[in-house]
Amino acid sequence: MEAGAVDGAPKGASLGAGRGTLTRLLEELARGPGCEPGRSWAQGLQPGEVLDRFEILREVGRGGFGAVYEAVDRELGRRVALKTLRPGRSRDEWADEQLRKEAQAAASLSHPGIVTLHEACTCDRGPYLVMELLRGETLETRLRRGPFPVEEAVEVGLQAARALAHVHAHHLVHRDLKPANVHLGQDGRVKLLDLGLAHLLGRRSPTGGTPAYVAPEQWRGEDVDGRADVFALGAILFEAVSGQRAFEVKEERSSALDPDPAPTLRGKLPQRLVRLVARCLSKDPGGRPTAAQAAEELLALQRRIDRPRAVRRLAVLAAAGAVLGAAVATAVWRRVPLAPQEVVHGRVVVAVADFSNQTGEPELDGLSGLLITSLEQSRGLAVLTRPRMLDLARRPGRDEPSRVDERVGREAARAANARALLLTTVRRAGSAYSVDLRALEPTRDEALFGAHEEAATRDGLLAAVDRLSARVQSKLAAGVATAAMKVGTAVTPNVEAYASYFEAVNLLAESWDVPRARAALRRAVAIDPDFALARLLLAALARSYSGTDDEWQEHLAAVRRLGDRLPEKERLLAALVAAERPEELRARAGELADRFPEDKMALYLAGALAREEGQPDLALDRLRRAVELDPAFAPALVDFVMLAAGSSRTDEALAAARRAVAARPGPHTLAPLGLAHAARGEREEAVREVRRALDLGAGRVSDTAIDIARVLFWAGRLQESESALHAWRDCAEPSCGGALMELGLIQVARGRLRETSRLAERLGSLSPAWKVEAHNLAGAERLASGDLAGAADEWAQALRGPAALAYVGSLEAAATVAREMPVDSFRLDFYRGILAWRSGDRQAGAAHLGRGLAKDGSQAQALFWLGEMKAEAGEHEQAARALERFLATFKLDSGVFPHAIRSKARLQLARSQMALGRTSSARATLDHLLEELGQADPDLPALAEAKALRRRLAAGGPAQ
């Protein structure tokens, strides 16, 4: 990697990197005693050989200049990649000045898409590097099996472009980007390799790159900047999609130097991708985008406009509150590899048991959460927390553990191969308190060290916890930076305030009891108005559940005032809670997931918001990673099942749900299993699983009850579907909004429009946040009654999809929504189809609808529009096929429109069947409809039409 002009930065610009430990190590390495590494490393390293504290396990591979070995750091107990010079390399080629720049470069980069350099070392055999050990394969290896699907190629390109943008932002250039230097991790993450480290170890070539991926200006020996890396990125994307290299290399000369234009991707590909690759491969550097611009364009390619999910949108925002609680009181756990004393991202794994509270004061029961939070500020420790430890300690046939005592702690720490288990006891003597900590090696039950702290008062315990944390870090993570954050300041100096906060967090984690949790948080803030974390959780709940914007703004203002007291994760969460625009929400959630890639709640939030913003592939990736961390993590599991099923990946959805049930059978896992079976059309299996969930009490949790109701509705058990939500029909809490919305949609489909109107009114009264969904529900009621103008008025206020708005005649609102959509959105195709149809051009309308369905065939409402259009044209065979598909399509979140036109679809299907002479089919269709409308309002127009058609059919008359 070389310093220089990047994307327009002036040549010779400062690297802007601090001269940290790594820089000094590399400079020392550069200036160290001369040796001949070519001879010193000639024999390579053998398994079992020990180099300093590193024991060699195996050789991973060799490249143009180096050999890479898997090794174990016997001091820290972690697996690493150890990189040496390959035989024949000489250190005589090194240039001290260049190496100092490269040292600063290596020290300045920290990004999830760039391989981590832990240490630079030297020994009597020569220099070597200690790096992050990666699991997976290179892009070069993967490409030997053929080209990528477009979606995967775009994802790989997006992650690589983001990493390049980070490199270029530090005024650095990779210079050797190629498939062999792009690593595809088993976890789906892409990392760039060999970022200038080849130059550190003496490699030089005329171009500094690999011929097939080198930009023309680099071939000519001219000064290069970040645009040369973008050229290589374009060549990689070209090869990933087409399976062929963009440029031929013959006799060490690339066709990139020919005067002909760069090649263009061919075949059925998104034109946006074709144009981007062509721009990246421009032979004129000025015609190429920057890496950041390429990343933006690739992100836009992933986008699909929001598939309406009225029920869950607000829950996504409120989930931020759950993250906040988990962060301090129970702390979100990180995945722990099952290898002896493995580390997570370079951090030593530590388990923390619940404090043994011998004071008789229940307010002190949550002190373990404070210790966890303090320990998490160390970049050298990864803390196993209560939820993870309870998961690891579960055993079949044994009662569920309720607390992490010493037995549970030992079992969990052993299962996770933790380096240490911390056991802490708090005692009281008069008004003073003492805290004793023991650190055990869990496998051998050996004492590692102990610590003792005292506090003159109860409030002084918080500072004592900080001191214990500092001592633990000095023992287990010596030399690793710790953020300057004390729990006594970031949390609260008042133990009673913390006890109320801890109570709120547990109420949310165990039962999502928002009213009681909010009351406990208000008590905490009344005791300590400057309790930043309690304020933040109140702001999150206020935004989604409390019913007033004033309360949200009040607590948000306090959070902003107290923001410097928040730990890093909570600062990111505060930005998420404060975000108002969709793109801002998406960006903040993505930042959270990128910074905490092993945090299941961070991944869930980022995945859910990516889905809300029409990025299904990105959402699937994040949600998959969340359920890999915890298969039974209900919020992420449900969203993953719904999204995978909607993307025709029903096998993945079913496999994930089965893993969840195997891990922890219960209502929260059985309901997603029912959803997964329903997505595969397996009616009996789906109903069986959701009934099992109901028998276990699933109806007491609103989101689970909603999922069960959807499965039963799809299976034709409308009364059971309604019963699953019966307990929520008179609820006046904002947290009941999702259940009320779903119940209202069921009533629309059953023709009980008066009840729908009542539920819409109740929904709108819950909080300002639910008013939009109240308009959505009211619009569905109007459409089901045949009042298109009324539906237009309601939906214009909710700004539904442009096609639905155009269908009911709200053209101005439809145009407003359409202007905000990507040009390749399937929803724009539907919108254009409705406009063409309403203008009298049925052929163009059908063509647009067909194009939209080709992009996303799960959009059932387009099948209805197509069926109605064909019936209007007298093409009843095609109309019947489209309407039958509409009624058979199972969509886990089918939304407002399909419920509103369900009866209308059956009526039109019966008419088309009668026109085709299929009297028995028409009779069955009408009987089904009359059964669904068995408890409908007596004056419902659809009911009267169905009865009239049935009488006409019985009399042998025509459809019209």
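These numbers were taken from a predicted model, which means no experiment stands behind them. (Residues numbered from 1 in each chain as written. Predicted model: local features only at pLDDT ≥ 70, side-chain atom pairs only at ≥ 80, totals over all residues. Heavy atoms only, no water.)

Caption draft 1: The packing of helix α38 (residues 842-855) against helix α39 (residues 860-872), seen in detail. At a minimum axis distance of 10 Å, the contact between α38 and α39 shows a crossing angle of 155°. As far as their axial angle goes, α39 and α38 are roughly antiparallel. The two elements α38 and α39 cross, and the hand of that crossing is left-handed. Of the residues in α39, those in contact with Arg842, Gly845, Ala846, Leu849 and Leu853 of α38 are Ala862, Leu863, Trp865, Leu866, Met869, Lys870 and Glu872. The residue inventory of the contact of α38 with α39, partitioned by class, reads 8 nonpolar, 1 polar and 3 charged. (Axes fitted to C-alpha atoms, helices over the stretch in contact; angles between N-to-C directions. Helix = DSSP H or I, 4+ residues; strand = E, 2+ residues; numbered from the N terminus. Parallel < 35°, antiparallel > 145°, perpendicular 65-115°, else oblique. Left-handed = near helix turned anticlockwise from the far one by under 90°. Contact = heavy atoms within 4.5 Å. Nonpolar A, V, L, I, M, F, W, Y, C, P; charged D, E, K, R; others polar.)

Caption draft 2: Representation of the pairing of strand β10 (residues 182-185). On β10, burial covers both faces: Val182 and Leu184 on one face and His183 and Gly185 on the other are all buried. Where β10 and strand β11 (residues 190-192) come together, 3 bridges link them in antiparallel fashion. Bridge pairing in β11 links Leu184 to Val190. (Buried < 20%, exposed > 50% of the residue type's maximum accessible area, 1.4 Å probe, protein only. Pairing = 2+ DSSP bridges.)

Caption draft 3: Structural detail: the pattern of salt bridges. With the rule as written, the count across this model stands at 55 salt bridges. Measuring nitrogen to oxygen at the nearest pair gives 3.4 Å for the salt bridge that ties Arg458 to Glu363. Of this pair, Arg458 sits in the loop between β20 (446-455) and α15 (461-476) while Glu363 sits in the loop between β16 (356-357) and α12 (367-376); the two residues are 95 residues apart in sequence, bridging distant segments of the chain. Judged by relative accessible area, Arg458 falls into the buried class, the value being 17%. Residue classification places Glu363 among the partly exposed positions, given a relative accessible area of 28%. Among the ionic contacts, a cluster of salt bridges with common partners joins Glu722, Arg729, Asp730, Arg750, Arg752, Glu755 and Arg758. (Salt bridge = Lys/Arg side-chain N within 4 Å of Asp/Glu carboxyl O.)

Caption draft 4: Spatial organisation of the sheet that holds strand β8 (residues 136-138). Spatial strand order, β8-β10-β11: 3 strands in an open sheet with antiparallel pairing. Strand pairing shows two members of the sheet lacking a second neighbour, β8 and β11, which therefore form its edges. Mean inter-strand twist for the sheet, computed between neighbouring axes without regard to direction, equals 25°. The strands touched by helix α5 (residues 150-169) within the sheet are β10 and β11, with β11 carrying the most contacts at an inclination of about 40°.

Caption draft 5: Focus on α15. Taking 1.5 Å as the rise per residue, α15 with 16 residues should run 22 Å; its terminal C-alpha atoms sit 22 Å apart, in good agreement. Along α15, the positions that sit buried rather than exposed are Leu461, Leu462, Ala464, Val465, Asp466, Leu468, Ser469, Val472, Gln473 and Leu476. (Expected span 1.5 Å × (residues − 1).)

Caption draft 6: Quick peek at unusual backbone geometry. At Asp52, a residue that is not glycine, the phi angle is positive and equals roughly 55°. Along the chain, Asp52 falls in the loop between β2 (50-51) and β3 (54-62). The phi angle at Arg175 is positive, at roughly 80°, despite the residue not being glycine. Tracing the backbone shows Arg175 in the loop between β9 (172-173) and β10. By relative accessible area, which is 13% here, Arg175 ends up buried.

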